Amino acid sequence: MKVFISDLSNISRNLYLRLDYKINSYFHKTNKLTKNSWKIKDFLQILRPKQINPKNFEEGYLIELEHILSGDVELNNVQKVNEIGSNKVILNQANFAYCKLETGKGYFIALSDDIPNYDGTSLIVGSTELVPCKVNINNKIAKYYLIYFKDIFNMFLSGKTHRRIHEIEFLNIVLPKIKINDILLDRIISIEKEIAKLKTQ
């Protein structure tokens, strides 16, 4: 049996007053800002989602959850469609998105760079589980950075069958800072091209 000693004032720091030792241990020991750390909200802003219904939809790229592969180079089999079966979130104003459902699986998207052959002007819509965001660092670096720490997000999921992470908790998670530089970005792009080439062989 694992025991974590806390008190009511500390427990109240997590959004749902959960007693789980993992989340409380993270909040009280790891989730502290230092000069070498930052909160996700320091580089990522959640946008107010706008939705479109099937009646008003004409044509655009549709991103469903099955199109997102954790850590993959680009979205899998995303295509233009001329109809949707339910309300969808409009993603054109965002340069990044994450899935609030099972976030710990690494479902992060560098919009619109992850859409194969995107024409740069068409409407992009996605599942209402996707959260549109703006990141102030390169969106591909943000994608792989968050995928690297994806196991942390599992501690913050709530729900029995469809586990989601609350936006407020997501934004306030503290992670180690990374130094953004052109060498790192060039290396990421180079690896992505190698992977894409191997997929076509």
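The sections below set out a description of the structure shown in this document.

Cut-off values and rules
- Residue numbering note: each chain is counted from 1, following its sequence as written.
- Since the coordinates come from a predicted model, pLDDT governs what is reported: local features require at least 70, and pairs of side-chain atoms require 80 or more to be given and counted, while whole-chain, interface and lining totals use all residues.
- Side-chain descriptors were evaluated using all non-hydrogen atoms of the structure, hydrogens and water having been removed beforehand.
- Secondary structure is summarised from DSSP: a helix means a run of H or I of at least four residues, a strand means a run of E of at least two, and numbering begins at the N terminus for each.
- Each residue is placed in one exposure class: buried if its accessible area under a 1.4 Å probe, protein chains only, is under 20% of its type's maximum, exposed if it is over 50%, and partly exposed if it falls in between.
- Two residues form a contact once any of their heavy atoms are found within 4.5 Å.
- Residue burial considers only the protein chains on display, and all accessible areas are found by Shrake-Rupley using a 1.4 Å probe.
- Criterion used throughout: strands pair if DSSP finds at least two bridges between them.
- Each Phe, Tyr or Trp ring, with Trp reduced to its six-membered ring, pairs with another whose centre is within 6.5 Å; inter-plane angles below 30 degrees give stacked pairs, above 60 give edge-to-face pairs, and intermediate values give tilted ones.

1. Some details on the overall build of the protein
(1) Moving on: Helix and strand counts for the protein stand at 6 helices and 13 strands.
(2) Moving on: Relative to its full complement of 201 residues, the protein shows a buried share of 43%.
(3) Moving on: Put simply, 77% of the contacts in the protein that link residues at least 6 apart link residues at least 24 apart.
(4) Moving on: Summed over all atoms, the accessible surface of the protein reaches about 11,800 Å², with 50% contributed by carbon and sulfur.

2. Examining the sheet that holds strand β8 (residues 108-109)
(1) Moving on: Spatially, 4 strands are ordered β2-β10-β7-β8 in an open sheet, and the strand pairing comes out antiparallel. Strands at the two margins of the open sheet, each flanked by one partner only, are β2 (44-46) and β8.
(2) Moving on: Of the pairings in the sheet, the one linking strand β7 (residues 96-99) to β8 comprises 2 bridges and is antiparallel in character. Residue pairing across strands places Tyr98 opposite Phe108, the latter belonging to β8.

3. Structural notes on the pairing of β7
(1) Moving on: The side-chain alternation of β7 yields two buried faces, one formed by Phe96 and Tyr98 and the other by Ala97 and Cys99.
(2) Moving on: Here 4 bridges tie β7 to strand β10 (residues 130-135), and the two strands are oriented antiparallel to one another. Bridging across to β10, Tyr98 finds its partner in Val131.

4. Here's the deal with the pairing of strand β4 (residues 60-63)
(1) Moving on: Where β4 meets strand β5 (residues 80-81), 2 bridges bridge the pair, whose relative direction is antiparallel. Across the sheet, Gly60 pairs through a bridge with Val81, a residue of β5.
(2) Moving on: Of the strand pairs in this sheet, β4 and strand β9 (residues 124-126) are connected by 3 bridges, and their pairing is parallel. Note that in β9 the partner of Ile63 across the bridge is Gly126.

5. Looking at the packing of aromatic side chains
(1) Moving on: According to the stated counting rule, one finds 10 aromatic pairs in the structure shown.
(2) Moving on: Members of the aromatic cluster, each reached through a chain of ring pairs, are Trp38, Phe43, Tyr145, Tyr148 and Phe149.

6. Describing the environment of Glu66
(1) Moving on: Along the chain, the position of Glu66 falls in the loop between β4 and β5.
(2) Moving on: For the pair Glu66 and Asn76, spaced 10 residues apart in sequence, the C-alpha to C-alpha distance is 7.8 Å.

7. As for the side chain of Glu102
(1) Moving on: Position of Glu102 among the secondary structure elements: in the loop between β7 and β8.
(2) Moving on: Non-local contacts of Glu102, meaning those with residues more than four positions away in its chain, are made with Tyr107, Leu157, Thr161 and Arg163.

8. Side note on the environment of Tyr148
(1) Moving on: Within the secondary structure layout, Tyr148 lies in helix α3 (residues 139-148).
(2) Moving on: Each C-alpha atom, one on Tyr148 and one on Gly106, is 8.3 Å from the other, the two residues being 42 residues apart in sequence.

9. Brief notes about the side chain of His67
(1) Moving on: Tracing the sequence through the fold places His67 in the loop between β4 and β5.
(2) Moving on: Given the relative accessible area of 13%, His67 is considered buried.
(3) Moving on: Apart from residues lying up to four places away in sequence, His67 is in contact with Leu62, Leu75, Asn76, Asn77 and Val78.

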